[in-house]
Amino acid sequence: MVVLGAGYAGLSVAQGVARRGRDRIPVILIDRHPVHVLRTELYEVGRLAAAGEDARSWTVPLARVLERTSVEFRQGDVRSIDFDHRQVELDGGSVSFGTLAICLGSVASYYGVPGAPELTHQVYRLSGAQRLARELKETEVRSAQLPGEARPRVLVIGGGSTGTELAAEIATTDWRKVSGPGARPPDVFLLTGSLPFLAGLPPKLIARARSVLHRVGVTMIHGYNVTRVDPSRVGIADGSELACDLAVWCAGLEAPKIVRELPVPHGKAGRIAVGPTLEVPGVPGVFAVGDVAELRDPETGSVVPGTAQAAIAEARTAAQNLLARRTGVPLVPFQYRERGVLVALGRGAAAGAVRHVTIWGSPAALLKRIVQREYAVSVERGEASGLL
Ligand SMILES: Cc1cc2nc3c(=O)[nH]c(=O)nc-3n(C[C@H](O)[C@H](O)[C@H](O)COP(=O)(O)OP(=O)(O)OC[C@H]3O[C@@H](n4cnc5c(N)ncnc54)[C@H](O)[C@@H]3O)c2cc1C
């Protein structure tokens, strides 16, 4: 049994199989990094900058969590998957599989906007968050030399949860502590494109988030897609340009290239359109889990969201079905029940909706921190439990 990707989906699948299998089923877990990245915390670039980009608080070493389990970790870059020969090609060799879980996550989608891949930052990957933290820190150091009252301008592109959390984090970080007493707080702009601000989240949560962003000085610019990115400026759909010292792309995700190229049914943004059991249509024993998969909830007709919460929930069903494929018992369908949603809004603030109750302020921020810590601890225990 082979699992590709040790993110929320892949690590949970591997740990789930190791826990369920009565006879220590050997599992090979492959990732390009030797650590599990706590991707849901990568918006914390102020804290990362203060930590000198030391990312230990944002990662969990895989060797440590997989010690004394039947999961063997192999570090490698997945280059292609051959369903006919049931083989995975890595940068250094190949691995055969009987059953397979594809859990390779998602990458930034730039929609062909010129300049965006090269000139914007991102927090979808740990290396991107580290680079942004470094650039922000240096931009703030230089801000002491700006003429008059000028401040650095940071443009966050994309008004979903990631863009919102990031804009609030940058606006509420004490940059004087991070970059020295002369640092001037940046002007932060949040640009929402054709999708409304925090599209799909409950209206009360959206109202809270909007008011907190306003209070911490984030300027919101609504309804314009970015058309091009040049050094120090971004072109938007009405023909005008926004000047900025740093631009961060939080405008969307798609499946990685090797997944988009697989000969299987694809959904939106190249995700693998899986059936209700998470199995890939036409390829028995191969499952797709997490951001890489598109699953339509048969009850509601809506697509299961690309979140860590959903990835971990799917992984439980996938682990069960991988084992079922080995023993020949019937597969079970995945059923998604959202536990709630929490959006961080900078130092000591968040807004959330848990079981249809809206929470905000410091209780919501505390809950967010508890949920994040509880997740990291549960990974170490060998059972990744749900996130919000
Ligand atoms: C800033 C931010 C905040 C978020 N906050 C929340 C939140 O509060 N709650 C929530 O539920 N969700 C949140 N999300 C979404 C959540 O992080 C994703 O939905 C989740 O990471 C999906 O899990 P995954 O396992 O599918 O992918 P990932 O966690 O991205 O894991 C994919 C793994 O595959 C590996 N990989 C990829 N390609 C290759 C390759 N070719 N070879 C080898 N290895 C490879 C990667 O190294 C990675 O370890 C947030 C996302 C971001 C960016």
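Quick notes on the rules
Residues numbered from 1 in each chain as written. Predicted model: local features only at pLDDT ≥ 70, side-chain atom pairs only at ≥ 80, totals over all residues. Heavy atoms only, no water. Pairing = 2+ DSSP bridges. Helix = DSSP H or I, 4+ residues; strand = E, 2+ residues; numbered from the N terminus. Axes fitted to C-alpha atoms, helices over the stretch in contact; angles between N-to-C directions. Domains from an automatic or database assignment. Phe/Tyr/Trp six-rings, centres within 6.5 Å; stacked < 30°, edge-to-face > 60°. Buried < 20%, exposed > 50% of the residue type's maximum accessible area, 1.4 Å probe, protein only. Core = buried A, V, L, I, M, F, W, Y, C linked by side-chain atoms within 4.5 Å. Contact = heavy atoms within 4.5 Å. Patch = residues over 30% accessible without salt bridge, like charges linked within 9 Å, V, L, I, M, F, W, Y side chains within 5 Å. Areas by Shrake-Rupley, 256 points an atom, 1.4 Å probe, with all protein chains shown as cover. Salt bridge = Lys/Arg side-chain N within 4 Å of Asp/Glu carboxyl O. Lys, Arg positive; Asp, Glu negative; His and termini not counted. Charge placed at Lys NZ, Arg CZ, Asp CG, Glu CD.

1. Structural notes on the sheet that holds strand β7 (residues 87-90)
In a beta sheet, neighbouring strands are held together by backbone hydrogen bonds and run either parallel or antiparallel to one another. Taken together, three strands build an open sheet; the order of strands is β6-β7-β8 and the sheet is antiparallel. This sheet does not close on itself; its edge strands, each paired only once, are β6 (78-82) and β8 (93-96). The sheet shows a mean angle of 20 degrees between the axes of neighbouring strands, taken without regard to direction. As paired elements, β7 and β8 share four bridges and run antiparallel to each other. Looking across to β8, one finds that Glu 89 is bridged to Ser 94.

2. Some thoughts on the domain arrangement of the protein
Partitioning the protein into structural domains gives domain 1 (2-32 + 76-106 + 255-338) and domain 2 (116-249). Using C-alpha coordinates to define each centre, domain 1 is positioned 34 Å away from domain 2.

3. Some thoughts on the packing of aromatic side chains
Within the structure shown, the criterion is met by three aromatic pairs. Taking 5.5 Å as the distance between ring centres and 40 degrees as the angle between the ring planes, the aromatic pair formed by Tyr 110 and Trp 249 counts as tilted. Highlighted residues: Tyr 110 in the loop between β10 (107-108) and α4 (116-119) and Trp 249 in strand β17 (residues 246-249), separated in sequence by 139 residues. With a relative accessible area of 2%, Trp 249 lands in the buried category.

4. Remarks on the nonpolar core
Within the largest apolar cluster, 72 residues are counted, with the highest numbers of intra-cluster contacts made by Val 13, Val 17, Ile 81, Phe 83, Leu 100, Ile 102 and Ile 272. Those residues within four positions of Val 13 in sequence are excluded, and the remaining contacts are Val 3, Ala 101, Cys 103, Val 289, Ala 315, Ala 318, Ala 319 and Leu 322.

5. Re a positive patch on the surface
A cluster of basic residues, Arg 19, Arg 20, Arg 316, Arg 339 and Arg 355, forms a positive patch at the surface. Tracing the backbone shows Arg 19 in helix α1 (residues 8-20). Overall, the relative accessible area of 44% leaves Arg 19 in the partly exposed class.

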